[in-house]
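Fold and geometry: a report
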Amino acid sequence: MKKLPLVLIVEDEPAIAELIAINLRHHGFTPLCVEDGDSAQQALAEQIPDLILLDWMLPGAASGLQLAQQWRKQPRTAQVPIVMLTARGDEPDKIAGLDAGADDYITKPFSIQELLARMRAVLRRRAPLALGAQLQVGDLQLDGSSHQVRYQEQVLKLGRMEFKLLSFLMQHPERVHSRSQLLRHVWPDGEMLEERTVDVHIKRLRQALGDAGALLHTVRGVGYRLSASAA
Ligand code: CA
């Protein structure tokens, strides 16, 4: 089944939140609306979205700007693309938003078409798999919409973490990744885990890949690399 990209909408004005949610649902996203920073934090503890739409002016202790800064610092949310919604058009505020780690911003009032276009552009750049992109490294293929992995047209069966690990490696092929980099990028709470967790899952991934396991290179003393060619 096709997995729709999950978008967390943090917006305290119900009319705007609802308008965005209806349109996102209509365009193949799964929206989840929350009204303030605390409920956003709770939602993030349960599930990491593919993208966050974050209003600048929010009730409660933290502004959208402060939330963006916090989320960029936490390993669990550091990689999630953020698009800020702002009623202000002032240049310094836009720059502050981007400095805080937002990937883009859109000024209210905005057209839904523009919002969708900006969201897609950010996802294409930051999380192409969420849009159902196809990745290919050598004869290895990964389909972001069906979550299917194939090698020379044969479908491979991977566990959840092995799939995430392979997705990351296929998005950044031909590069050596250290164990700590892999923990940070692939595991939601990576900083809490030991580096040998990576070795365990690399071993499982190699087994699941069968013949394609030869594309997954161990770089002694450094880490791992996925390459279009076998060792
Ligand atoms: Ca607001």
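If you're wondering where the values come from, they're calculated on a predicted model, not measured in any experiment. (Residues numbered from 1 in each chain as written. Predicted model: local features only at pLDDT ≥ 70, side-chain atom pairs only at ≥ 80, totals over all residues. Heavy atoms only, no water.)

1. Let's talk about helix H7 (residues 179-186)
Convention followed: Only protein chains enter the accessibility calculation, which uses a 1.4 Å probe. A residue is then buried if its area is under 20% of the maximum for its type, exposed if over 50%, and partly exposed in between. Helical segments are the DSSP runs of H or I of at least four residues, strand segments are the runs of E of at least two, and each set is numbered from the N terminus. What the arc measures is the spread of directions leading from the helix axis to the C-beta atoms. Here a residue-residue contact requires only that any non-hydrogen atoms of the pair lie within 4.5 Å.
Taken together, the buried positions of H7 are Leu182, Leu183 and Val186. For H7, the arc enclosing every buried residue in end-on projection is 100 degrees, short of the 170-degree limit, so these residues lie on one face. Elements that come into contact with the buried residues of H7 comprise helix H6 (160-171), strand E10 (177-178), helix H8 (196-209) and strand E12 (223-226).

2. Re H6
Rules: An expected span of 1.5 Å times one less than the residue number is assigned to each helix.
Between its first and last C-alpha atoms H6 spans 17 Å; for 12 residues at 1.5 Å apiece the expected length is 16 Å, and the two agree. Turning to H6, its buried residues number three or more, namely Met161, Glu162, Phe163, Leu165, Leu166, Ser167, Phe168, Leu169 and Met170.

3. Points about the coordination of the calcium ion
Applicable threshold: For Na, K and Ca the donor cutoff is 3.2 Å, while for all other metals N, O and S atoms count as donors only within 2.8 Å; water does not appear among the atoms, so some sites may look incomplete.
Bound to the calcium ion on the protein side are Asp12 (OD), Asp55 (OD) and Met57 (O), at distances that span 2.1 to 2.3 Å. Each donor residue of the calcium ion belongs to the same chain, with the gaps between them written as D-x42-D-x1-M. Here Asp12, found in the loop between strand E1 (6-10) and helix H1 (14-26), pairs with Met57, found in the loop between strand E3 (51-55) and helix H3 (64-73); they are 45 residues apart in sequence, far enough to count as distant. By relative accessible area, which is 26% here, Asp12 ends up partly exposed.

4. Describing the domain arrangement of the chain
The test is simple: What counts as a domain boundary in this text is fixed by an automatic or database domain assignment. By definition, the buried area sums, over both parts, the 1.4 Å-probe accessible area that each loses when the two are put together. Take a side-chain nitrogen of Lys or Arg and a carboxyl oxygen of Asp or Glu: if they are within 4 Å of each other, that pair is a salt bridge. Polar contact is the term for a pair of N or O atoms within 3.5 Å; when the atoms are in protein, one must be able to donate a hydrogen and the other to accept it, and sequence-neighboring residues count only if both atoms are side-chain atoms. Ten residues, namely Ala, Val, Leu, Ile, Met, Phe, Trp, Tyr, Cys and Pro, are considered nonpolar, four, namely Asp, Glu, Lys and Arg, are considered charged, and the remaining ones, Gly among them, are considered polar.
Segmentation of the chain into domains returns domain 1 (6-130) and domain 2 (134-226). Put simply, the middle of domain 1 and the middle of domain 2, counted by C-alpha atoms, are 29 Å apart. Each partner contributes residues to the interface: domain 1 has 5 residues there, and domain 2 has 10 residues. With both chains or domains summed, domain 1 and domain 2 bury close to 690 Å², and 60% of this area falls on carbon and sulfur atoms. For the interface between domain 1 and domain 2, the tally reads 0 salt bridges. Here domain 1 is connected to domain 2 by 1 residue pair in polar contact (both at pLDDT 80 or more). Within the side of domain 1 that touches domain 2, the residues separate by chemical class into 3 nonpolar, 1 polar and 1 charged.

5. With respect to unusual backbone geometry
The omega torsion across Lys108 and Pro109 is -5 degrees, close enough to zero to call that bond cis. Mapped onto the elements of the fold, Pro109 is located in the loop between strand E5 (104-107) and helix H5 (112-126). Its identity is not glycine, yet His147 carries a phi of approximately 60 degrees, on the positive side. Mapped onto the fold, His147 is located in the loop between strand E7 (140-143) and strand E8 (148-151). In this structure, Gln152 is a non-glycine residue whose phi angle is positive, near 45 degrees. Within the secondary structure, Gln152 sits in the loop between E8 and strand E9 (154-156).

6. Re the pairing of strand E2 (residues 30-34)
Rule in force here: A pair of strands is labelled paired if DSSP reports no fewer than 2 bridges between them.
With 5 bridges connecting them, E1 and E2 associate as parallel partners. Bridge pairing links Leu6 to Thr30 in E2.

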